[in-house]
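For reference, the chains in residue letters:
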Amino acid sequence: MISFRPSAVLLPFLLLITTTNALHFYLDVNEQRCFIEELPTDTVVEGHYKALEWTADTQTYVEQPELGIIVDVEEMETGHVVTKSKGPSEGHFTFTSHEAGDHSICLSTNYTTWWSSTHIKMYLDIVVGSTKPDLDADRSHISELAGKIRDLNQRLEDIRREQQYQRERESDFRDLSEATNSKAVWYSILQIVVLVLTCTWQLRHLKRFFEDRKMR
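Cut-off values and rules
Residues numbered from 1 in each chain as written. Predicted model: local features only at pLDDT ≥ 70, side-chain atom pairs only at ≥ 80, totals over all residues. Heavy atoms only, no water. Helix = DSSP H or I, 4+ residues; strand = E, 2+ residues; numbered from the N terminus. Patch = residues over 30% accessible without salt bridge, like charges linked within 9 Å, V, L, I, M, F, W, Y side chains within 5 Å. Areas by Shrake-Rupley, 256 points an atom, 1.4 Å probe, with all protein chains shown as cover. Salt bridge = Lys/Arg side-chain N within 4 Å of Asp/Glu carboxyl O. Lys, Arg positive; Asp, Glu negative; His and termini not counted. Charge placed at Lys NZ, Arg CZ, Asp CG, Glu CD. Disulfide = S-S within 2.5 Å. Buried < 20%, exposed > 50% of the residue type's maximum accessible area, 1.4 Å probe, protein only. Polar contact = N/O pair within 3.5 Å; in protein donor to acceptor, adjacent residues only side chain to side chain. Contact = heavy atoms within 4.5 Å. Phe/Tyr/Trp six-rings, centres within 6.5 Å; stacked < 30°, edge-to-face > 60°. Core = buried A, V, L, I, M, F, W, Y, C linked by side-chain atoms within 4.5 Å.

Labelled according to an unreviewed UniProt entry, the protein appears under the name Emp24/gp25L/p24 family/GOLD-domain-containing protein, originating from Hygrophoropsis aurantiaca.

Enquirer: Where do I start with unusual backbone geometry in this structure?
Expert: The phi torsion of most residues other than glycine is negative, and most of the peptide bonds are trans. One non-glycine residue with positive phi stands out, namely Asp42, at about 55°. Positionally, Asp42 belongs in the loop between strand 3 (32-39) and strand 4 (43-55). Its identity is not glycine, yet Gln59 carries a phi of approximately 55°, on the positive side. As for its placement among the helices and strands, Gln59 is situated in the loop between strand 4 and strand 5 (60-62).

Enquirer: Looking at this structure, I do not really get a negative patch on the surface. What am I missing?
Expert: Residues Glu38, Asp42, Glu77, Glu99 and Asp102 make up a contiguous surface patch of negative charge. Within the secondary structure layout, Glu38 lies in strand 3.

Enquirer: Explanation requested: the state of the cysteines in the structure shown.
Expert: Two cysteines joined by a covalent bond between their sulfur atoms form a disulfide. Counted by the stated rule, this structure contains one disulfide. Bridging Cys34 to Cys106, the disulfide has an S-S length of 2.1 Å. Classification of the bridge connecting Cys34 and Cys106 rests on its S-S torsion, roughly 110°, and on that basis the disulfide is right-handed. With Cys34 in strand 3 and Cys106 in strand 9 (residues 101-109), the pair connects residues that are 72 residues apart, well separated along the chain. Note on accessibility: Cys34 and Cys106 belong to one class, buried.

Enquirer: Looking at this structure, how should I read the side chain of Lys121?
Expert: Note that Lys121 resides in strand 10 (residues 119-131). Here Lys121 is buried and forms no salt bridge, its nearest opposite-charge partner Glu63 lying at an N-O distance of 12 Å. A distance of 3.1 Å separates polar atoms of two side chains, one belonging to Lys121 and the other to Tyr123. Dropping the residues within four chain positions of it, Lys121 is found in contact with His24, Phe25, Tyr26, Lys50, Ala51, Leu52 and Tyr61.

Enquirer: Any chance you could explain the packing of aromatic side chains here in plain terms?
Expert: The geometry of an aromatic ring pair is captured by two quantities: the separation of the ring centres and the angle between the planes. This structure, assessed with the given rule, holds four aromatic pairs. Judged by centre distance (6.0 Å) and plane angle (45°), the rings of Tyr26 and Tyr61 are tilted. Here the residue Tyr26 occupies a position in strand 2 (residues 22-28), and Tyr61 occupies one in strand 5, the gap between them amounting to 35 residues. Ring centres 5.1 Å apart and planes at 65° place the aromatic pair Trp54 and Tyr61 in the edge-to-face group. Relative accessible area serves as the criterion here: at 30%, Trp54 is assigned to the partly exposed category.

Enquirer: I would appreciate a short explanation of the environment of Leu27 in the present structure.
Expert: Inspection of the secondary structure assignment puts Leu27 in strand 2. Assessed through its relative accessible area of 1%, Leu27 is described here as buried. In sequence terms Leu27 and Ser108 are 81 residues apart; their C-alpha atoms lie 7.7 Å from each other. The contact partners of Leu27, leaving out residues within four places of it in the chain, are Gln32, Arg33, Leu107, Ser108, Thr109, Thr118, His119, Ile120 and Met122.

Enquirer: So what exactly am I meant to see when it comes to the side chain of Gln64 here?
Expert: Tracing the sequence through the fold places Gln64 in the loop between strand 5 and strand 6 (69-75). By relative accessible area, Gln64 is classed as buried at 17%.

Enquirer: What am I meant to see in the nonpolar core here?
Expert: Side chains that are nonpolar tend, in soluble globular proteins, to be buried together. Judged by nonpolar contacts, the single largest core of 23 residues is most densely connected at Tyr49, Phe95, Leu107, Met122 and Leu124. Elements with a contribution of two residues or more to this core: strand 2, strand 3, strand 4, strand 6, strand 8 (90-96), strand 9 and strand 10. Considering each element in turn, this core owes the most residues, four residues, to strand 10.

Enquirer: Hey, could you run me through the pattern of salt bridges in this one?
Expert: Oppositely charged side chains are able to pair whenever their charged atoms sit close together. Enumeration over the complete set of coordinates arrives at five salt bridges. In this structure, Lys50 and Glu63 form a salt bridge, with 3.5 Å as the shortest nitrogen-oxygen distance. With Lys50 in strand 4 and Glu63 in the loop between strand 5 and strand 6, this residue pair connects regions lying 13 residues apart in the sequence. Its relative accessible area of 48% is what places Glu63 among the partly exposed residues. With a closest N to O distance of 2.2 Å, Arg161 and Asp158 form a salt bridge. Note that Arg161 and Asp158 are positioned in helix 2 (residues 135-215) at a spacing of three residues, about one turn of the helix. A relative accessible area of 45% places Arg161 in the partly exposed class. For Asp158, a relative accessible area of 35% corresponds to the partly exposed category. A single salt-bridge network, built from bridges that share partners, covers Glu157, Asp158, Arg160 and Arg161.

Right, here's the structure in full:
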């Protein structure tokens, strides 16, 4: 149910608003008109508006290209700004409530002249959608998650490459160690063989020496 701020409304407007979401009202320069909408969580709200400016020459309300409309939506309990946008004299706005509670929907013009007596006639239609997640927000979250997943996959790929590099280094080091150990074993065996041969030669030499001594 939509309601105006008490300082900016009349009873006939309240009666009108309680029966329909489509209404029109009048707005002066530097004036902001606000509505209160009680919304559940994750509820999509669409607003369509059209602003006409009073012209004294024709005594009618006409469209003005330079006229712009500022839409400001805020959660009343927390003061959180849900959306704030500036559009042309005719357009629409869409937002999704993040928290359940009263939301203020405020409209004002882009005119800032204090001495002007310009009057604006505003048509406004607010459509409260069914409770559902904000698809744009969901898509943004999905895109963010997809980016994080890509980063994680890239890190995993880097880790795999690093592990493969470490395995290759370990394999090379193992082969080098085995080759070194094999060479050390063969070198030790060669030393033993040389030592045995040397000892055998020395023993034979000593034996011949002693035999020669005895013969003398």
